[in-house]
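Remarks on the overall topology
Each chain, letter by letter, is given below.
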Amino acid sequence: MDVVSTSKSPFSCRVCHKKAHGNHFGVISCRACAAFFRRLASSRWSKMSCRGGTCDQETYFCKPCRLQKCRDAGMDITKFQNNQEIIQKVGQFTLPPPSIESFVGRPEFLLFCDTDAPNAKVLIDVRYLLEEVGRILNYGSESPVYATNQLKKFTQGYKYLRLDMENLKKVEHADQKESMEIWEYYFRLVTKWLMYFDEFQKLNRHLQMTLLQSIWHVFQKLHKYVGTMAYHKANPYAKKSTMILKNVFMDLNNFTVDTNWMSDYPQEHVMRYLTVQTCHDFDLLAALQELEPSEEEYTFLFAHLCFQYAGKRFQGDILRVTDSFLEILSNDLHHYYVEEQNRPRYFLRLAKLMKINNAIQRAIWESRPKMELCRVFNVLKIEFSHPEMFEDSGLY
């Protein structure tokens, strides 16, 4: 922002037309007029008429007329500046910002948004999905689980996470139906996977549902990278812009999203919010390709990301539960490295794996202020029957 010295100021006081010194009470004015208005704005003079009878439109000899001139110029006691004394000492004031959006601090496309305007909402009712997940929790794992420790048992659930190369389909456009199918797929998938973790099954139903509703979208983010890495490993000549989500593959350079059902704003503006949590995709893929984790490592990676996120989000009892989960799995991972892999110095490898999880969580934390703006200005017209399920998902 440009700063102009008062000795060279091109602005004049809107009350007396002499050299201005800054913005006082909402008006560019000199210090004398500002001090006059400050002293008399709430005094008896504000209710009096002209006292001299010789005042005209240019010259004011009485206090009531000068006070009225201040008000006519736009001075208002509610617009008092806290930094007024600083301006007086340094003898400087700032030029008006170059654009309206810079002045109000809002993006251009949200500048004139009426937050109270009627807006037809799209209600997403997920009660049926929660009921279905409740039935999965009642049934437990689909097959008996036998293993020497919790990590080994949990790894048996990795069969649901493997990429099914034979049933992949290409998608070039995503609409409301496709988007909702992705949500449903991952909510079911993470539930089936957690059925192979004994400690999760010991929790009461409320804690189980709270965890599931909070971690499914975090799980989805990592699964996208794991599936994409597996696809590129099997298809080394595939385009680098190809990404895997659920059981579909898409070329990001030739992929469109229908946003008309979720927002009245232009598609390119809505995508700024839908992609606000995007990490450096190709860097994370390169890290996975370099490490080529085993299924045990992948299982720990998913568990660490999901449980650590839930613990940080909820704190309290859930944090204590997720910390106990991670302690058990960490001990089992240590046994896996030392006893089975004969790799006692695994710290560097584990640190590289954790960088992937940290990047995903950091993208979530950094997106929160932007998603708050999204809610304030009604960028998305979606309402959820269970909004807590979509918090931090990039949709709420």
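Just so we're clear, the structure is a prediction, and the values are computed from it rather than from any experiment.

1. Topic: the pattern of salt bridges
Following the criterion strictly, the structure yields 21 salt bridges and no others. Among the ionic pairs, Glu172 bridges to Lys170, the shortest N-O distance being 3.8 Å. On the accessibility criterion, Glu172 (48% relative accessible area) is partly exposed. The salt bridge partner of Arg188 is Glu184, with a shortest N-O separation of 3.9 Å. One end of the pair, Arg188, and the other, Glu184, are both in helix α7 (residues 176–194), four residues apart, so they sit about a helical turn from each other. In the salt-bridge network here, residues are joined through shared partners; they are Lys177, Glu178, Glu181 and Lys246.

2. Quick word on the environment of Phe219
Looking at where Phe219 falls in the secondary structure, it is placed in helix α9 (residues 205–234). Looking at Phe219, the relative accessible area reads 0%, which means it is buried. Spatially, the C-alpha atoms of Phe219 and Phe302 are 6.6 Å apart, while their sequence positions differ by 83 residues. Not counting residues within four places of it along the chain, the set of residues in contact with Phe219 comprises Leu161, Tyr186, Leu189, Val190, Trp193, Phe302 and Cys306.

3. Re helix α5 (residues 127–139)
Helix length check: α5 (13 residues) gives 19 Å between terminal C-alpha atoms against 18 Å at 1.5 Å per residue, within 8%. Tucked inside the fold, the buried residues of α5 contact α7, α8 (198–201) and α9. Gly140 sits one or two residues past α5 and shows a positive phi near 80°.

4. Points about the confidence of the model for the chain
Overall, the predicted model of the chain reaches an average pLDDT of 82, with 84% of residues at or above 70. In the predicted structure, residues 1–9 sits below a pLDDT of 50 and forms 23 contacts with residues beyond four places in sequence or in another chain. For the stretch residues 85–93, pLDDT sits under 50, and the model shows 23 contacts to residues farther than four places along the chain or on other chains.

5. A word on the environment of Thr78
Checked against the element boundaries, Thr78 lands in the loop between α2 (63–73) and α3 (84–90). Here the alpha-carbon distance between Thr78 and Phe25, two residues 53 residues apart in the chain, equals 7.3 Å.

6. Describing the packing of α9 against helix α13 (residues 316–340)
Contact geometry for α9 and α13: axes closest at 12 Å, N-to-C directions at 80°. Accordingly, the angle class assigned to the pair α9 and α13 is roughly perpendicular. Here Leu207, Thr210 and Leu211 of α9 come into contact with α13, specifically with Ile318, Val321, Thr322 and Phe325.

7. A look at the nonpolar core
Soluble globular proteins: nonpolar side chains tend toward being buried together. Residues Phe154, Trp193, Leu194, Phe200, Leu212, Phe219 and Phe307 are the most contacted members of the largest nonpolar core, which totals 89 residues. Per element, the largest residue contribution to this core is twelve residues, and it comes from α9. What Trp193 contacts, discounting residues up to four positions off in sequence, is Phe154, Gly157, Tyr158, Tyr160, Leu161, Phe219, Thr299, Phe302 and Ala303.

8. So, the pairing of strand β9 (residues 248–251)
Side chains Val248 and Met250 of β9 all project onto a buried face; the interleaved residues Phe249 and Asp251 project onto the opposite face, where all are buried too. Here two bridges tie strand β6 (residues 169–170) to β9, and the two strands are oriented parallel to one another. The partner of Lys170 across the bridge, within β9, is Phe249. Where strand β8 (residues 242–245) and β9 come together, four bridges link them in antiparallel fashion. Within β9, the residue paired with Met243 across the bridge is Met250. Where β8 folds back onto β9 in an antiparallel hairpin, the turn is made up of two residues, including Lys246, whose phi is positive at roughly 65°.

9. Notes on unusual backbone geometry
The backbone of Glu292 sits at a positive phi, close to 45°, despite the residue not being glycine. Among the secondary structure elements, Glu292 is positioned in the loop between α11 (281–291) and α12 (295–314). Of the residues examined, Glu292 reaches a relative accessible area of 46% and is grouped as partly exposed. The phi dihedral of Asp392 is positive, around 70°, even though this residue is not glycine. Its location among the elements puts Asp392 in the segment after β11 (382–384).

Calculation criteria
Residues numbered from 1 in each chain as written. Predicted model: local features only at pLDDT ≥ 70, side-chain atom pairs only at ≥ 80, totals over all residues. Heavy atoms only, no water. Salt bridge = Lys/Arg side-chain N within 4 Å of Asp/Glu carboxyl O. Buried < 20%, exposed > 50% of the residue type's maximum accessible area, 1.4 Å probe, protein only. Helix = DSSP H or I, 4+ residues; strand = E, 2+ residues; numbered from the N terminus. Contact = heavy atoms within 4.5 Å. Expected span 1.5 Å × (residues − 1). pLDDT = per-residue confidence, 0-100. Axes fitted to C-alpha atoms, helices over the stretch in contact; angles between N-to-C directions. Parallel < 35°, antiparallel > 145°, perpendicular 65-115°, else oblique. Core = buried A, V, L, I, M, F, W, Y, C linked by side-chain atoms within 4.5 Å. Pairing = 2+ DSSP bridges.

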